[in-house]
Amino acid sequence: MELSESVQKGLQSLGDQTVLDRCSFPVVVDACFRSLLFSRGDPAVLDLPELKHLDKILLKQIHAAATTFILEAVKHNADKSTISFSLEELTFNTERIETFYTTFQKHKKDLELILSSIGRGPAHIKDVSWRLQYQMKNGQLDKVNEPFYLISLSTETGGASEDVDFSCTAEQLQDLVGKLKDAAKSVEKASQ
Amino acid sequence: MLLVLTEEHREHLSMLPQVEPSVVGEFGRIALEFLRRGTSPKIYEGAARKLGVSVEAVQQGVEGLMFLLMESSKHTISEVDFMDSVLILGFGEELNQVLLQLYQDNKVQIRRILSQLIPSQPAFHQLEWRLDVQLASRSLRQRLVPTVTMRLMLSESEEGQRSTRVLQTDPSTLLHLISTLEAALAAVKTSHSRRILRNIK
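Residues numbered from 1 in each chain as written. Chains lettered and ligands numbered in written order. Predicted model: local features only at pLDDT ≥ 70, side-chain atom pairs only at ≥ 80, totals over all residues. Heavy atoms only, no water.

A closer look at the environment of Ala48(B)
Residue and element names in this part refer to chain B. Rules: Comment: elements are numbered from the N terminus, with helices defined as DSSP H or I runs of at least four residues and strands as E runs of at least two. Contacts between residues were defined by any pair of non-hydrogen atoms, one from each residue, lying within 4.5 Å.
Structurally, Ala 48 can be placed in helix α3 (residues 41-51). Counting along the chain gives eleven residues from Ala 48 to Gln 59, while the straight-line C-alpha distance between them is 8.8 Å. Not counting the four nearest positions on each side in its chain, Ala 48 is found in contact with Val 53, Ser 54, Val 55 and Val 58.

Brief notes about unusual backbone geometry
Keep this limit in mind: Under the scheme applied here, a residue whose accessible area is under 20% of the maximum for its type counts as buried, over 50% as exposed, and between as partly exposed, the area being computed with a 1.4 Å probe on protein chains only.
A positive phi angle, close to 50°, is found at Asn145(A), a residue other than glycine. Position of Asn145(A) among the secondary structure elements: in the loop between β1 (123-135) and β2 (146-157). Phi is positive for Thr76(B), close to 40°, though the residue is something other than glycine. Within the element layout of this structure, Thr76(B) appears in the loop between α4 (55-75) and α5 (79-87). For Thr76(B), a relative accessible area of 24% puts it in the partly exposed group.

A closer look at the interface of chain B and chain A
Which entries qualify depends on this criterion: A quick way to say it: buried area is the sum, across both parts, of accessible area lost when two parts are put together, with a 1.4 Å probe. By definition, a salt bridge exists where a carboxyl oxygen of Asp or Glu is found within 4 Å of a side-chain nitrogen of Lys or Arg. In protein, a polar contact means a hydrogen-donor-capable atom and an acceptor-capable atom, both N or O and within 3.5 Å, with residues adjacent in sequence counting only if both atoms are side-chain atoms; elsewhere, any N or O pair within 3.5 Å suffices. Gly is placed with the polar residues, together with every amino acid not listed as nonpolar (Ala, Val, Leu, Ile, Met, Phe, Trp, Tyr, Cys and Pro) or charged (Asp, Glu, Lys and Arg). Whether two strands pair comes down to DSSP finding at least two bridges between them.
The interface of chain B with chain A comprises 51 residues on the first partner and 56 residues on the second. Carbon and sulfur atoms supply 67% of the area that chain B and chain A bury against each other, a total of about 5000 Å² over both sides. Sorting the residues of chain B by area buried against chain A places Phe124(B), Leu181(B) and Leu185(B) first, and these three jointly supply 14% of that buried surface. If you look at where chain B meets chain A, you find two salt bridges. Of the charged contacts in the structure, one is a salt bridge between Glu182(B) and Lys181(A), with a shortest N-O distance of 2.5 Å. Across the chain B-chain A interface, the total number found is 18 residue pairs in polar contact (both at pLDDT 80 or more). Taken together, the elements giving at least two residues each to the side of chain B that touches chain A come down to α4, α6 (93-115), β1 (123-134), β2 (145-155), β3 (162-169), α7 (171-187) and α8 (191-199) of chain B. Of the residues that constitute the side of chain B that touches chain A, the class distribution is 29 nonpolar, 13 polar and nine charged. Sheet topology places β1(A) next to β3(B); two bridges connect them, and they run parallel. Residue His124(A) lies in a different strand from β3(B), and its bridge partner there is Gln168(B).

Describing the pattern of salt bridges
Under the counting rule described, the total for this entry stands at eleven salt bridges over all chains. A salt bridge links Arg22(A) to Glu95(A), with the shortest nitrogen-to-oxygen separation between them at 3.0 Å. Here Arg22(A), found in the loop between α1 (5-15) and α2 (24-37), pairs with Glu95(A), found in helix α5 (residues 94-116); they are 73 residues apart in sequence, far enough to count as distant. The exposure class of Glu95(A) is partly exposed, given its relative accessible area of 43%. In this structure, Asp132(B) engages Arg130(B) in a salt bridge whose closest nitrogen and oxygen atoms are separated by 3.0 Å.

Topic: the pairing of β3(B)
The sheet contact formed by β2(B) and β3(B) spans eight bridges and is antiparallel. Within the sheet, the bridge partner assigned to Leu152(B) lies in β3(B) and is Arg165(B).

Digging into a nonpolar patch on the surface
Residues and elements named next belong to chain B. Put simply, the rule reads: Patch construction takes residues with relative accessible area above 30% that form no salt bridge. Like charges are linked within 9 Å, and nonpolar side chains (Val, Leu, Ile, Met, Phe, Trp, Tyr) are linked within 5 Å. All accessible-area figures derive from a Shrake-Rupley calculation using a 1.4 Å probe, and residue coverage is judged against the displayed protein chains alone.
A surface patch of nonpolar side chains, about 320 Å² in accessible area, is lined by Val 133, Leu 135 and Leu 144. Relative to the helices and strands, Leu 144 is located in the loop between β1 and β2. Residue Leu 144 is classed as exposed on the basis of its relative accessible area of 66%.

Some remarks on the UniProt feature "domain: COMM" (unreviewed entry) in chain A
We count it as follows: UniProt positions are given in the numbering used here, feature names are shortened, and annotations may be inferred rather than shown by experiment.
The UniProt feature table records "domain: COMM" (unreviewed entry) at residues 124-191 of chain A. Split by type, residues 124-191 of chain A is 31% helix and 49% strand. Its first and last C-alpha atoms lie 21 Å apart.

Topic: the packing of aromatic side chains
Inclusion rule: Centres within 6.5 Å make a pair out of two Phe, Tyr or Trp rings, where for Trp the six-membered ring is used; the pair is then stacked when the planes are under 30 degrees apart, edge-to-face when over 60, and tilted otherwise.
Tallied over the entire structure, the rule returns seven aromatic pairs over all chains. The interplanar angle of 65° and the centroid separation of 6.4 Å between the aromatic rings of Trp130(A) and Tyr149(A) together place this pair among those described as edge-to-face. In this pair, Trp130(A) sits in strand β1 while Tyr149(A) sits in strand β2, placing the two residues 19 residues apart along the sequence. For Trp130(A), a relative accessible area of 32% corresponds to the partly exposed category. The class for Tyr149(A) is buried, based on a relative accessible area of 1%. Geometrically, the ring pair formed by Phe82(B) and Tyr103(B) is stacked, given 4.8 Å between the ring centres and 10° between the ring planes. Separated by 21 residues along the polypeptide, Phe82(B) in helix α5 and Tyr103(B) in helix α6 bring together distant segments of the chain. Aromatic ring contacts, followed pair by pair, group Phe33(A), Phe69(A) and Phe100(A) into a single cluster.

Written out as structure tokens, the structure reads:
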């Protein structure tokens, strides 16, 4: 993985035993993961009593570098050897590499989920509801006497949901279901 | 059921027996054209000149005919009822037959034209689909996500203004959609639905 100079410097401070002692290291690592997953940009995530003795600016540099590294690792789906290799180059000792990697493995799936939600796409169908109605008469015509369906697709785009409503006759619904079944069959074939 | 024709209506139609049955047929054709495309006063003037009657009389005759045909088609009254309703007007047998013929020939068309006046909801027209697999995105470089992308075409009104929506779904939701809609299709075949469809006629 390619890392910029500031990220490398920050990580070196993270691995440096004179900067962070054995107790502070896991706390810092934890805080970095938590800030990615839970804190929603809350600056108080680094305001922990165990870290009071550290220089604030240095802590911020370490935090920025570590979070960048974590996101790059998730983005490229880095395996253990790649991460270990990168961290070794930056003078991490084996124990710190282990601690970092274990925490990384624990949170990897959640980070992937967050990263996958970034991006645009067409409206995603979540559910469908239907109603069968029988039209007897209307303002212009008597004796219509036709059953018809009202279908409502509930879709979601980037958090906002929207309903697509339309009506169709039984034959059209049959046609629609036929096409959906074709799509499902091709998905099955492709997965074999 | 019998049509109830108002005094005014009968007055308007009273000019019909004064002309030949072929002219009544012509009026019928004009009436249908007007139902389809809207009225045009020039035709009234032309007919009035040819027949030697006032423009108003022609207009009332054609409009009366239009209304008669529209009401009959709206209620889909039977031949017998139509004849009975027209009998009240006191026309001759031949005229009645011409009117009946007009009605029967054009009943279906008139119903279709009338149905365009109803407020309509977007109706299903077509669905196209394709299977996609997302391999990577800017934030994640190694992915394997199958999705089914669909284009749903709906027609907004009878004239056929189409609206197109592009939608996406994943394979498990697709299976859920299929099973829900199959249940919907089965609903029209239940004994409850059949009983109602049979009895409300």
